[in-house]
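# Understanding the architecture of this molecule
Listed below are the residues making up each chain.
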Amino acid sequence: MSRVLRLFLVGAVITGVPPASGNEAGGESAASALLRTLHNAPIDVAEVDQLKVPPYNPPGPVGPAPGTGLKSVFSLPFSGEGAPQMAPVDKLVHDYLMANKIPGATVAVSKGRRLVWSKGYGYANFATKIPMQPWHRTFFGSVAKFVTALGAMKLVDDGKLKVEDLVYGKATALPGGNANDTPGVIFTPGALPDPGAYFNAMIQGVANLKTTSPSLAAGAVPTPTPNVETVLAWASKVRVKHLLSHTSGLLRNGDVDAATAYFGKSEADLTYKELHLAMLLGEAGPPFLFEPETKQRYSNHGFGLVGHIVAERSGMSYVQFIQQRILQPLGLSQMVPAYTSVGPLDAFRHTRDKNGNPQPIAHKILNAPNLGVAAGGWVGTAQDFVRLMCATDKQTAIPILSAASIDLMETVAYPAIDSDQPLGWDKRAGAGELVKDGALDGGSALIHKYVPGFISSGDHIDLSDINVAIGFNIDADNPTTLIRDIARAAGKANIPQGYDLFDPLYRCAKQPGYTVAPLPPPPAGKLAVPEAPALPRLVCNGGKAVASASIQGKATQYSCQCPAGQIAKAVGKYRNTFQCIPAAVLPVPLQLQLPQAKLTCSGGKVSGSSCICASGFNAVATGANAYRCIRSVTLPVSPAAPKSACAGGVVRANKCQCPSGQSLKNGACTATNAPQRSGTPVRVQ
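Residues numbered from 1 in each chain as written. Predicted model: local features only at pLDDT ≥ 70, side-chain atom pairs only at ≥ 80, totals over all residues. Heavy atoms only, no water.

## Remarks on the overall build of the chain
In terms of helices and strands, the chain carries 15 helices and 31 strands. Taken across its 685 residues, the chain has 49% of its residues classed as buried. Within the chain, contacts between residues at least 6 apart in sequence are counted, and of these 65% link residues at least 24 apart. Only carbon and sulfur atoms are counted for the fraction: they give 55% of the accessible area of the chain, which is about 31,100 Å². (Helix = DSSP H or I, 4+ residues; strand = E, 2+ residues; numbered from the N terminus. Buried < 20%, exposed > 50% of the residue type's maximum accessible area, 1.4 Å probe, protein only. Contact = heavy atoms within 4.5 Å. Areas by Shrake-Rupley, 256 points an atom, 1.4 Å probe, with all protein chains shown as cover.)

Next up, the structure:
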């Protein structure tokens, strides 16, 4: 029996599962502690199918679900915890799963910055009937764009990026040239370094697309024949804000197959810069579908480009930046990119058979670590994404963004073009219902955030500060009605203020007496700040515990500080024990080198890496690896004056002066009988 299985079974005896019906402020229930112990400890994959879940008794009348080890009111098992005042949510989720033949789901709800619901429903594996747990991870698809937007706004707060920054910079065409010639261009940098690489790729792309005019009928540019000035003008207008709101005009997706063929690389080795350059080179068709900020069209590739900008501006890989600056401060150590190894915390993905019934499919690891994570490559639980949404609350205990950045992110970017798109969200409905959904490879998800003051239509329920997330292990229809009904159930529920299922060390709600920095002594005659509740002392194996929060100079929170090149991993109950382990090393993107095989030679022929022109013609560069043969022109040369012939004499002022008694004859000074004036002018032939 494995160590974890022993812990799990012993924990069931020690804690006396089922859990208590309530949750005291500053503590957590026995079942929550038990799940956290299981969540943080390694599990042998081979033993997962044999894992027996201890009994769990939710409040209210229940009936057994045979063979699951769980209790269920209905025909599907469920596990986890939730406020008894929200009991109707169980039936809402059960009915949706049954009606839509969905194998499993995780559901989480926060209200007033407190986690009030975190449950798993159905099965992590429909075939073997492994029950779904709240800690089972699923693919959240495009909900990852919300995470990427948080990363971009974090850079804004760091002063390393502005949403109004031009993406490529500016390309200014110099006077000259015509419809058949490429004018000279001056490049100025933008959010991405090396503007010349991107603009030159666009210039080359125009030349490439001229040979494929039929595909341009519904394409980017005003005429079937691309125009360099138009493409450069459009590209010079693209801003980071356009990428974050799907108004950049870029294609929906890059063409990975075309990019790997162009650069001669595998998908795993391809960098995002290379994928984007292949798009600009026209390998996937015209890269721009419209002028920026004139329309809205969903672009996965545009958000991937935001991830590339995050990496360039932060000096870290995109994944490392998100993990260190967004996830780790919130205690979300188990939320990972989809290219990491798959383990027992991951629910099985499902497809449907010919009858529409769920069918598990093999675990899949995405093999392109540099490409799809920013647009749709994070896996996690509903509770993970509720914690992220709660971190964008202006009153949160652990802020990751400034109030100004939160406002900017949640405001519709370009309402003038009939868009309801904020930054990183799909839409903002009504007075403040923020929505994001996603689906990818046998998983799907939906998250809703309700801003302060939001009242539901019709029944007029106050949904202020409620966040709801649902993750499925199959591609499910958009459950908007379900998630709104769950939010209404939370809004109507009168839940005690002390009820909070969040980890005590990473709670979203501010606790009495807590602050992120030492407070000055209180003025005389005023009450002192109340004593902070006691927390388990942090243990940092391989590093040292450093006070990260205090009250009146007394440490109340600690962080584990590891040596360079290592990160702290939570390994103990309540996450108060950490182990320093080597940080994951991601591949460093290679510097781009445009291959010579793409050299073009208009009017001549390509020979190796040279453009060979006919006699009387010279090769002139017109772009990146593009040449044109033009006729050689010989300029007239003024004839040089011949040297004066003056043998035996001296030439002065172009005149030959012979010695006395001599005269110039046939270019030489010779004796003469008749006196003759010297300095006879020399004729120029």
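## What to know about the pattern of salt bridges
Under the criterion given, the structure shown has 18 salt bridges. Between aspartate 459 and arginine 488 there is a salt bridge, with the nearest N and O atoms lying 2.8 Å from each other. Of the two residues, aspartate 459 is situated in the loop between strand S16 (444-450) and strand S17 (466-472) and arginine 488 in helix H15 (residues 480-492); the sequence distance between them amounts to 29 residues. The residue aspartate 500 makes a salt bridge to arginine 507 at a minimum N-O spacing of 3.5 Å. The class for aspartate 500 is buried, based on a relative accessible area of 4%. Residue arginine 507 is classed as buried on the basis of its relative accessible area, which comes to 4%. (Salt bridge = Lys/Arg side-chain N within 4 Å of Asp/Glu carboxyl O.)

## Concerning the state of the cysteines
A complete count under the given rule lists five disulfides for this structure. What pairs with cysteine 646 in a disulfide is cysteine 656, and their sulfur atoms sit 1.8 Å apart. With the S-S dihedral at roughly 75°, the linkage between cysteine 646 and cysteine 656 falls on the right-handed side. Here cysteine 646, found in the loop between strand S27 (626-631) and strand S28 (650-652), pairs with cysteine 656, found in strand S29 (residues 655-657); they are ten residues apart in sequence, far enough to count as distant. Residues cysteine 646 and cysteine 656 agree in their burial class; the two are buried. Each sulfur of the disulfide joining cysteine 658 and cysteine 669 lies 2.0 Å from the other. The sign of the -75° torsion about the S-S bond sets the cysteine 658-cysteine 669 disulfide as left-handed. In this pair, cysteine 658 is assigned in the loop between S29 and strand S30 (662-665) and cysteine 669 in strand S31 (residues 668-671), connecting sequence segments eleven residues apart. (Disulfide = S-S within 2.5 Å.)

## Re the packing of aromatic side chains
A complete count under the given rule lists ten aromatic pairs for this structure. Considering the side-chain rings of phenylalanine 140 and phenylalanine 385, the 4.1 Å spacing of their centres and the 15° angle between planes classify their relative orientation as stacked. Of the two residues, phenylalanine 140 sits in the loop between strand S7 (138-139) and helix H4 (144-158) while phenylalanine 385 sits in helix H13 (residues 382-390), which places them 245 residues apart along the sequence. Taking relative accessible area as the criterion, phenylalanine 385 reaches 0% and is therefore assigned buried. (Phe/Tyr/Trp six-rings, centres within 6.5 Å; stacked < 30°, edge-to-face > 60°.)

## Thoughts on the packing of H4 against H13
The N-to-C vectors of H4 and H13 enclose an angle of 35°; their axes lie 11 Å apart at closest approach. In the crossing of H4 with H13, the sense of the turn from one axis to the other is left-handed. Here Phe146, Val147 and Leu150 of H4 come into contact with H13, specifically with Phe385, Leu388 and Met389. Residues that form the contact of H4 with H13 fall into these classes: six nonpolar, no polar and no charged. (Axes fitted to C-alpha atoms, helices over the stretch in contact; angles between N-to-C directions. Left-handed = near helix turned anticlockwise from the far one by under 90°. Nonpolar A, V, L, I, M, F, W, Y, C, P; charged D, E, K, R; others polar.)

## Points about the sheet that holds strand S13 (residues 378-380)
If you trace the three strands from one edge of the open sheet to the other, you get S7-S13-S10, paired in antiparallel fashion. Lying at the two open borders of the sheet, with one neighbouring strand each, are S7 and strand S10 (336-337). Two elements, S10 and S13, share two bridges in a ladder whose sense is antiparallel. By the bridge assignment, valine 336 is partnered in S13 with valine 379. (Pairing = 2+ DSSP bridges.)

## Here's the deal with unusual backbone geometry
Despite not being glycine, glutamate 293 has its phi angle at roughly 70°, a positive value. We classify glutamate 293 as partly exposed; its relative accessible area is 37%. The phi torsion at aspartate 465 lies on the positive side, around 60°, for a residue other than glycine. Mapped onto the elements of the fold, aspartate 465 is located in the loop between S16 and S17.

## What about the nonpolar core?
Ranked by size, the top nonpolar core spans 137 residues in total, and within it Tyr168, Met202, Trp378 and Leu388 carry the most contacts. Of the residues forming this core, the biggest block, eight residues, is contributed by H4. (Core = buried A, V, L, I, M, F, W, Y, C linked by side-chain atoms within 4.5 Å.)

## Here's the deal with H13
For H13, the buried fraction is high: eight of the nine residues fall into the buried class. Within H13 the residues assigned to the buried category are Ala382, Asp384, Phe385, Val386, Arg387, Leu388, Met389 and Cys390.

## Things to note about the environment of aspartate 393
With respect to the secondary-structure elements, aspartate 393 resides in the loop between H13 and helix H14 (403-409). Residue classification places aspartate 393 among the buried positions, given a relative accessible area of 12%. In sequence terms aspartate 393 and arginine 113 are 280 residues apart; their C-alpha atoms lie 7.8 Å from each other. The contacts of aspartate 393, once residues within four sequence positions are left out, are Arg113, Ile406, Lys449 and Asp465.

## Some points on the packing of helix H8 (residues 256-263) against helix H9 (residues 272-280)
Contact geometry of H8 with H9 gives a least axis separation of 9 Å together with a crossing angle of 100°. Of the possible angle classes, the one that applies to H8 and H9 is roughly perpendicular. Along its contact with H8, which presents Val256, Ala259 and Phe263, the element H9 presents Glu274, Leu275, Leu277 and Ala278. Here the contact of H8 with H9 is composed, by residue class, of six nonpolar, no polar and one charged. (Parallel < 35°, antiparallel > 145°, perpendicular 65-115°, else oblique.)

## Considerations on the pairing of strand S3 (residues 78-82)
Of all five residues in S3, five are buried, a share of seventy percent or more. Of the two faces of S3, the one carrying Phe78, Gly80 and Gly82 and the one carrying Ser79 and Glu81 are both buried. Examined bridge by bridge, S3 and strand S5 (residues 114-125) share five bridges and lie antiparallel to one another. Note that in S5 the partner of phenylalanine 78 across the bridge is tyrosine 121.

## Observations concerning helix H3 (residues 88-100)
Along its 13 residues, H3 runs 19 Å from first to last C-alpha, staying within 8% of the 18 Å computed at 1.5 Å per residue. Turning to H3, the residues buried within the fold contact S3, strand S4 (104-111), S5, S17 and H15. Following H3 by one or two positions, lysine 101 has its phi on the positive side, about 55°. (Expected span 1.5 Å × (residues − 1).)

## Here's the deal with the side chain of serine 118
Inspection of the secondary structure assignment puts serine 118 in strand S5. Aside from chain neighbours lying at most four places away, what touches serine 118 is Ser79, Gly80, Glu81, Val107, Ala108, Pro134, Gln383 and Leu501.

## Quick word on the confidence of the model for the chain
When pLDDT is averaged along the chain, the result is 74, and 69% of the positions lie at 70 or above. Taking the mean pLDDT of every element in the chain, the minimum, 28, falls on helix H1 (residues 3-15) and the maximum, 97, on S17. Throughout residues 212-225 the model reports pLDDT below 50, and contacts reaching past four residues in sequence, or to other chains, amount to 16 contacts. Long-range and interchain partners of residues 585-597, a stretch whose pLDDT sits below 50, account for 21 contacts in this model, where long-range means more than four residues apart. (pLDDT = per-residue confidence, 0-100.)

## Thoughts on the side chain of asparagine 125
Its location among the elements puts asparagine 125 in strand S5. A distance of 3.2 Å separates a polar atom in the side chain of asparagine 125 from the backbone nitrogen of threonine 128. Residues within four places of asparagine 125 in sequence aside, it is in contact with Ile130, Phe348, His350 and Pro360. (Polar contact = N/O pair within 3.5 Å; in protein donor to acceptor, adjacent residues only side chain to side chain.)

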